[in-house]
Amino acid sequence: MKDYYKIGEISKIYGIGRDSLMYYEEIGILSPLRDINGYRMYSIYDLWRLNLIKELRSLNFPMKKIKEYLCDRDIDSTKNILNEEIDIIDLKIAELISHKNNIIKRIKSIEEVDCVDLDKIDVVYIRERKALKLNADIKKDQDYDFMIQKLQKEYEDRFSILGNNNVGAVFLLESINRGIFNEFKSAFCLLEDNEVIYNMVLEEGYYLTLTYKGNYIKNKIYLNRIFEHIKQNNYKLNGNPVEIYKIDIYETGKVEEFITEIQVPIIIK
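The following refers to the structure shown. Every value quoted in this text rests on a predicted model; they were computed, and no experiment measured them.

Let's shift gears to the overall build of the protein. Counting its regular elements, the protein contains eight helices and 12 strands. The buried share among the 269 residues of the protein stands at 39%. Residue pairs in contact within the protein that sit at least 24 positions apart in sequence constitute 68% of those at least 6 positions apart.

Have a look at this one:
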């Protein structure tokens, strides 16, 4: 092992940029020597400090805390920082387990969609549902995709897009009455019942539901079928229809594999 290493060697060995190494020197946690040509020369002493810095930075310890530890180390401070590392690692493990469980749940949701009867109108009583929403005039698929991205950006810790079959949109009933079926009032993501932060509620009550497969432009056919069903059975429309994207572009690039559920709130006389 050499006694000294140049900055290029250190940068390559540790995967740390030259700017970072010079920043560490600037704040006083590294003190490389200079050779006769003025080049930085890092000693074994600098290497063990870099090992500690890299470990603590990987756990997102702030540089101020790392500097305090490196400048005043003893057994007690080492035990304290090791215990802090354990706490951080335990938190990361809990987050990863939660993320894994969420992925398993989403896989199960995708698989369950395959068992749904398609093109069938059902009367279903649905309990109140909480949701996060963004109000917008959505007039084409690209607008909807943008709204979903914006919704996730605004609530990035609350839901994931991939495999989330609780994402949907609220139709504009006045647009439907004019024969326009691709304009929406808002985009939303349904939440768990125990959520306390939400800005939208889908009211409890009876809904006519229909699940179809394929391109979204087919919603006109199925909405008209549902409205005819309402007339035939003397039901009363009770609000804006919604559609929920059980399988969409985030799960498959094949439009023929898309699965959408339409839900129309009704009053049964």
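Counting 22 residues, the largest nonpolar core has Ile10, Leu21, Tyr24, Ile29, Leu50, Ile53 and Ile66 as its most contacted members. Those elements giving two or more residues to this core turn out to be helix 1 (7-14), helix 2 (18-26), helix 3 (44-58) and helix 4 (63-71). Among residues more than four places away in sequence, those in contact with Tyr24 are Ile16, Ile29, Leu30, Leu50, Ile53, Arg57 and Met63. By size, the runner-up hydrophobic cluster in this structure holds 21 residues, among which are Ile226, Tyr235, Ile262 and Val264.

Below, the discussion takes up the pattern of salt bridges. In this structure the tally under the stated criterion is seven salt bridges. Taking the shortest distance from any N to any O, the salt bridge between Arg178 and Glu183 comes out at 3.8 Å. The shortest N-O distance in the salt bridge between Lys246 and Glu261 comes to 3.6 Å. Separated by 15 residues along the polypeptide, Lys246 in strand 11 (residues 242-247) and Glu261 in strand 12 (residues 259-268) bring together distant segments of the chain. For the pair shown, Lys246 and Glu261 are each scored as buried. One network of salt bridges, in which partners are shared, links Glu25, Arg34 and Arg40.

Tracing the chain through its elements places Ile226 in helix 8 (residues 219-232). Assessed through its relative accessible area of 0%, Ile226 is described here as buried. Taking the C-alpha atoms as reference, Ile226 lies 9.4 Å from Gln263; in sequence the two are 37 residues apart.

Before going further, it helps to spend a moment on the packing of helix 3 against helix 4. Running from N to C, helix 3 and helix 4 cross one another at 145°; their axes reach a closest spacing of 11 Å. The handedness of the crossing between helix 3 and helix 4 is right-handed. Residues Trp48, Arg49, Leu52, Ile53, Leu56 and Arg57 of helix 3 lie in contact with helix 4, whose contacting residues are Met63, Ile66, Tyr69 and Leu70. When its residues are assigned to classes, the contact of helix 3 with helix 4 shows eight nonpolar, no polar and two charged.

For the structure shown, the criterion picks out seven aromatic pairs. Residues Tyr45 and Trp48 carry aromatic rings whose centres are separated by 5.3 Å and whose planes lie at 85° to one another, so their mutual orientation is edge-to-face. In this pair, Tyr45 and Trp48 both sit in helix 3, three residues apart, roughly one turn of the helix. Its relative accessible area of 28% is what places Trp48 among the partly exposed residues. Ring geometry for Tyr125 and Tyr206: centres 4.9 Å apart, planes at 75°, overall edge-to-face. Remark: Tyr206 occurs in strand 9 (residues 205-213) and Tyr125 occurs in strand 4 (residues 122-126); sequence separation between them is 81 residues. On the accessibility criterion, Tyr125 (46% relative accessible area) is partly exposed. Geometry around Tyr39 places Lys6 over its ring, the cationic atom sitting 5.8 Å from the centre. The positively charged end of Arg73 is found above the aromatic ring belonging to Tyr69, 6.0 Å away from the centroid.

Another aspect to go through is helix 3. For helix 3, which comprises 15 residues, the first-to-last C-alpha distance of 21 Å matches the rise-based estimate of 21 Å (1.5 Å per residue) to within 8%. For helix 3, every residue scored as buried is listed here: Asp46, Leu47, Arg49, Leu50, Ile53 and Leu56. On the buried face of helix 3, the contacting elements are strand 1 (4-6), helix 1, helix 2, strand 3 (40-43), helix 4 and helix 5 (75-113). Positioned one or two residues after helix 3, Asn60 has a phi angle of 65°, which is positive.

What follows deals with the pairing of strand 9. Across the nine residues of strand 9, seven count as buried, placing the element largely inside the fold. Relative to strand 9, strand 4 is paired through five bridges, and the arrangement is antiparallel. Within strand 9, the residue paired with Ile126 across the bridge is Gly205. Across eight bridges, strand 9 lies against strand 12 in antiparallel orientation. Pairing of Leu208 across the sheet is with Val264, part of strand 12.

Conventions we followed
Residues numbered from 1 in each chain as written. Predicted model: local features only at pLDDT ≥ 70, side-chain atom pairs only at ≥ 80, totals over all residues. Heavy atoms only, no water. Helix = DSSP H or I, 4+ residues; strand = E, 2+ residues; numbered from the N terminus. Buried < 20%, exposed > 50% of the residue type's maximum accessible area, 1.4 Å probe, protein only. Contact = heavy atoms within 4.5 Å. Core = buried A, V, L, I, M, F, W, Y, C linked by side-chain atoms within 4.5 Å. Salt bridge = Lys/Arg side-chain N within 4 Å of Asp/Glu carboxyl O. Axes fitted to C-alpha atoms, helices over the stretch in contact; angles between N-to-C directions. Left-handed = near helix turned anticlockwise from the far one by under 90°. Nonpolar A, V, L, I, M, F, W, Y, C, P; charged D, E, K, R; others polar. Phe/Tyr/Trp six-rings, centres within 6.5 Å; stacked < 30°, edge-to-face > 60°. Lys NZ or Arg CZ within 6 Å of the ring centre and 35° of its normal. Expected span 1.5 Å × (residues − 1). Pairing = 2+ DSSP bridges.

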